[in-house]
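Take a look at the letters that make up each chain.
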Amino acid sequence: MSTAQLTAPETMHEVEDSLAEGRAPGSNGHERDEIHLPPPSIAPLIVGVGATLSVLGLIAPVSLIAGIPLVLFGLLRMAHFPEIEMHGRFLAYLDPRKLGMWAFLASEIMFFGALIGTFIAFKVDHPEAFRAAHEVLSLPLATLGTSVLIVSSFAVVMGLEAMQSDDRRVFFNWMRLTLLFGVTFLSIQAFEWYELMHEGIKAGNIFGTVFFVTTGFHGLHVLIGVAWLGLLVLRATRGVYSSSNNLGIELFGLYWHFVDVVWIVLFTVIYLIE
Amino acid sequence: MDSDTVLLATLWVTAGVFVGGVVTPLIVARKRVNEWLATLAGVVLGGVGGVFLLVPLWLLLRLRPDREDSGPAWQRDAISLGEALAETGSGSPAGALAALRANFWPRARSKGHSHRLTYLGVFLALAVITGVEVLLTVVDVPFAVTGPLVGLSTGKVMLVALYFMHLRYDSRWYAAVFASALPFALLASVILALS
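Keep in mind that what you see is a predicted model, and the values were worked out from it rather than measured.

Within chain A, the regular secondary structure consists of nine helices and zero strands. Reading the helices (α) and strands (β) of chain A from amino to carboxyl end gives α-α-α-α-α-α-α-α-α. Across the 274 residues of chain A, 50% fall into the buried class. Residue pairs at least 24 apart in sequence account for 76% of intrachain contacts in chain A once pairs closer than 6 positions are excluded.

And the structure:
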């Protein structure tokens, strides 16, 4: 566990002054204001480079071999970060991290809004192709996936509630359950895609092209959520979170619930409405 | 090699590397093992053999002795579900219920109001609405189901946003930031859907 509490870096002038007066640098008579800074780290940079390489993997899959391990390596280093309290000046009663998360989710809802609009447009234009595809889609499988996501959303709020009352055993149980359900959802989706491809629904079809783009982007969000949750559990194992410091869990929760919300809409639009 | 084989091979390697890289460090977090080496092993073995090589690795790592505890006391207090079951007398329904409660029902907060029952209620409501939606689709009903389905899903979305995402309890500014994007999202979907 690394809890770094660095004092404010001194300017060269101050160091020179104190040396000239025969004092040790940093011990200048009066009490200094200590501010808490995170230790300088290149971990976010490593994650950034890895993520870039991973996205390049869409064009040249070879770069995934370097990209994914780099992302994981950087994330593992980030598990050592202490939580930082940030105090905004503008609208001081709002937390800047939470506000940022909501702004990000606002951009995400526009992104998924466009995808869903495209899906509906294709559906209106080609009713016969979508009716045929609807026969092939497995409603029981999709219902199972929906249930798994809803239970996992419930698990996250119960985990957060447990951490807010310092009940760590219950927290870990719910969070591990969420991890399991996230992976289960991805497995269900992988199985579904595999079956659909064998039924002749491929990315070249009219239905396939919108179906795979929409559910694929949602699946990518679940995948990122699973990686984030893995990091969160690892950080919690190191004792980062407590009843007075659990914003990190809440931010993850907001993201995870949003992914759940998107799936609730997709489930209705794709599987339920004929 | 045809393109399908390449795609499947890429998917296999990517999924294996991902699962190995995420799960392995979690397993060795409290073991006396170098976590970097363990993660590297997870990434390599996952990429090559997927779960077939990862599961033996994980079992092997689980057998390693635990790290000596230098951490805070709560880490030593944590017990697993199996231990809790043994403690409370497994076999009897009352014991199982007690173990379930000890492992999954959060303690009441020392200060402030706990939302445990609210969350449970919202979860049950979500489950019931999902059941009704599926029934409406499967059973032949004498009216158009599109309207009711859209209404029920909107209800579900509202429940998740208001209670699970805390919009009901939090500052209205967060809701305002999120809601400000809704008109644009709606505009984008409607324009695309009508084009």
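More follows now that the structure is in view.
With that settled, the discussion passes to the overall build of chain B. On a plain count of helices and strands, chain B comes out with nine helices and zero strands. Listing the helices and strands of chain B from first to last along the sequence gives α-α-α-α-α-α-α-α-α. Here chain B holds 195 residues, and the buried ones make up 34% of them. Sequence separation of 24 or more characterises 54% of the internal contacts of chain B that already satisfy a separation of 6 or more. In the structure as shown, chain B presents an accessible area of about 11,700 Å², 71% of it carried by carbon and sulfur atoms.

Moving on to empty space enclosed by the protein. In this structure the tally under the stated criterion is three cavities of 30 Å³ or more. What lines the largest cavity is Leu72, Leu75, Leu76, Ala227, Gly230, Leu231 and Leu234 of chain A together with Gly21, Val22, Pro25 and Leu26 of chain B. Secondary structure elements with two or more residues in the lining of the largest cavity: helix H3 (62-78) and helix H8 (206-237) of chain A together with helix H1 (3-27) of chain B. Along the lines of polarity and charge, the residues of the lining of the largest cavity split into nine nonpolar, two polar and no charged.

A separate point is H8 of chain A. Residue and element names in this part refer to chain A. Here H8 contains 32 residues, and its C-alpha end-to-end distance of 47 Å stays within 8% of the 46 Å for a straight helix at 1.5 Å per residue. Most of H8 sits inside the fold, with 24 of its 32 residues counted as buried. Just past H8, the residue Gly239 takes up positive phi, approximately 80 degrees.

This part takes up the packing of helix H6 (residues 139-164) of chain A against helix H7 (residues 116-138) of chain B. Direction vectors running N to C along H6 of chain A and H7 of chain B enclose 170 degrees, while the axes themselves pass 10 Å from each other. With respect to H7 of chain B, the axis of H6 of chain A lies roughly antiparallel. Residue-level contacts link Leu139, Thr143, Thr146, Ile150, Val151, Phe154, Val157, Met158 and Glu161 of chain A of H6 of chain A to Arg116, Tyr119, Leu120, Phe123, Leu126, Thr130, Val134, Thr137 and Val138 of chain B of H7 of chain B.

Next up on the list: a nonpolar patch on the surface. On the surface, a nonpolar cluster with roughly 790 Å² of combined accessible area is contributed by Val62 and Ile65 of chain A together with Trp12, Val13, Val51, Phe52, Val55 and Leu59 of chain B. Among the elements that take part in the nonpolar patch, helix H3 (residues 51-63) of chain B stands out by supplying four residues, more than any other. Position of Val51 of chain B relative to the elements: it lies in helix H3.

Chain A puts 75 residues into the contact, and the matching count from chain B is 65 residues. Taking both partners together, chain A and chain B bury about 6,300 Å²; carbon and sulfur atoms supply 76% of that area. Run the count over chain A and chain B and you get three salt bridges. Counting across the chain A and chain B interface gives 15 residue pairs in polar contact (both at pLDDT 80 or more).

A few words on the packing of aromatic side chains. In this description, an aromatic ring pair is defined by two values, namely the gap between the centres and the angle between the planes. Residue and element names in this part refer to chain A. Tallying each qualifying case throughout the model produces 25 aromatic pairs over all chains. Look at Phe267 and Tyr271: their rings are 6.0 Å apart centre to centre, the planes differ by 35 degrees, and that puts the pair in the tilted class. Here Phe267 and its partner Tyr271 are both found in helix H9 (residues 247-272), four residues apart, which amounts to about one turn of the helix. The exposure classification of Phe267 matches that of Tyr271, with both residues buried.

Moving on, we come to the side chain of Ser189 of chain B. Locating Ser189 of chain B in the fold gives a position in helix H9 (residues 172-194). Within polar-contact distance, the side chain of Ser189 of chain B engages the backbone oxygen of Gly113 of chain A at 3.5 Å. When neighbours within four sequence positions are excluded, Ser189 of chain B is seen to be in contact with Gly113 and Gly117 of chain A.

With that settled, consider the packing of helix H7 (residues 168-198) of chain A against H9 of chain A. A packed helix pair is summarised by two numbers, namely the angle formed by the two axes and the spacing between the axes. All names here are of chain A. Relative orientation of the contacting elements H7 and H9 amounts to 35 degrees, with a least axis distance of 14 Å. The two elements H7 and H9 meet at a crossing, and its hand is left-handed. Side by side, H7 and H9 meet where Phe171, Met175, Thr178, Gly182, Phe185, Gln189 and Glu192 of the first sit next to Ile249, Trp256, Trp263 and Tyr271 of the second.

Right, let's talk about the side chain of Thr268 of chain A for a bit. Relative to the helices and strands, Thr268 of chain A is located in helix H9. Once you skip the residues sitting within four places of it in the chain, Thr268 of chain A turns out to touch Ile273 of chain A together with Glu133, Leu149 and Ser153 of chain B.

Approximately 1,100 Å³ is the volume attributed to the second largest pocket. Around the second largest pocket, the lining is made up of 35 residues, and of these Val265 of chain A together with Thr154, Val157, Leu182 and Leu186 of chain B lie nearest the centre. Looking at the lining of the second largest pocket, the elements that each hand over two or more residues are helix H4 (96-125) and H9 of chain A together with helix H8 (146-164) and H9 of chain B. In terms of residue class, the lining of the second largest pocket is built from 26 nonpolar, five polar and four charged.

The next point concerns the confidence of the model for chain A. Residues and elements named next belong to chain A. Looking at chain A, the pLDDT average stands at 84 and 83% of residues meet or exceed 70. The low-confidence segment residues 1-12, where pLDDT is below 50, has 23 contacts with residues more than four positions distant or belonging to other chains. Of the regions scoring below 50 in pLDDT, residues 22-32 engages in 13 contacts with residues more than four places distant in sequence or in other chains.

Next up on the list: H7 of chain A. Its 31 residues give H7 of chain A an end-to-end C-alpha distance of 45 Å, which sits within 8% of 45 Å, the value for a rise of 1.5 Å per residue. Just beyond H7 of chain A, the residue with positive phi is Gly200 of chain A, at close to 95 degrees.

Thresholds applied
Residues numbered from 1 in each chain as written. Chains lettered and ligands numbered in written order. Predicted model: local features only at pLDDT ≥ 70, side-chain atom pairs only at ≥ 80, totals over all residues. Heavy atoms only, no water. Helix = DSSP H or I, 4+ residues; strand = E, 2+ residues; numbered from the N terminus. Buried < 20%, exposed > 50% of the residue type's maximum accessible area, 1.4 Å probe, protein only. Contact = heavy atoms within 4.5 Å. Areas by Shrake-Rupley, 256 points an atom, 1.4 Å probe, with all protein chains shown as cover. 1 Å grid on protein atoms, 1.4 Å probe; cavity = no way out; pocket = protein on both sides within 12 Å on 5 of 7 lines; lining within 4 Å. Points joined across faces, edges and corners; volume = space filled by probe spheres on them. Nonpolar A, V, L, I, M, F, W, Y, C, P; charged D, E, K, R; others polar. Expected span 1.5 Å × (residues − 1). Axes fitted to C-alpha atoms, helices over the stretch in contact; angles between N-to-C directions. Parallel < 35°, antiparallel > 145°, perpendicular 65-115°, else oblique. Patch = residues over 30% accessible without salt bridge, like charges linked within 9 Å, V, L, I, M, F, W, Y side chains within 5 Å. Salt bridge = Lys/Arg side-chain N within 4 Å of Asp/Glu carboxyl O. Buried area = accessible area lost by both parts, 1.4 Å probe. Polar contact = N/O pair within 3.5 Å; in protein donor to acceptor, adjacent residues only side chain to side chain. Phe/Tyr/Trp six-rings, centres within 6.5 Å; stacked < 30°, edge-to-face > 60°. Left-handed = near helix turned anticlockwise from the far one by under 90°. pLDDT = per-residue confidence, 0-100.

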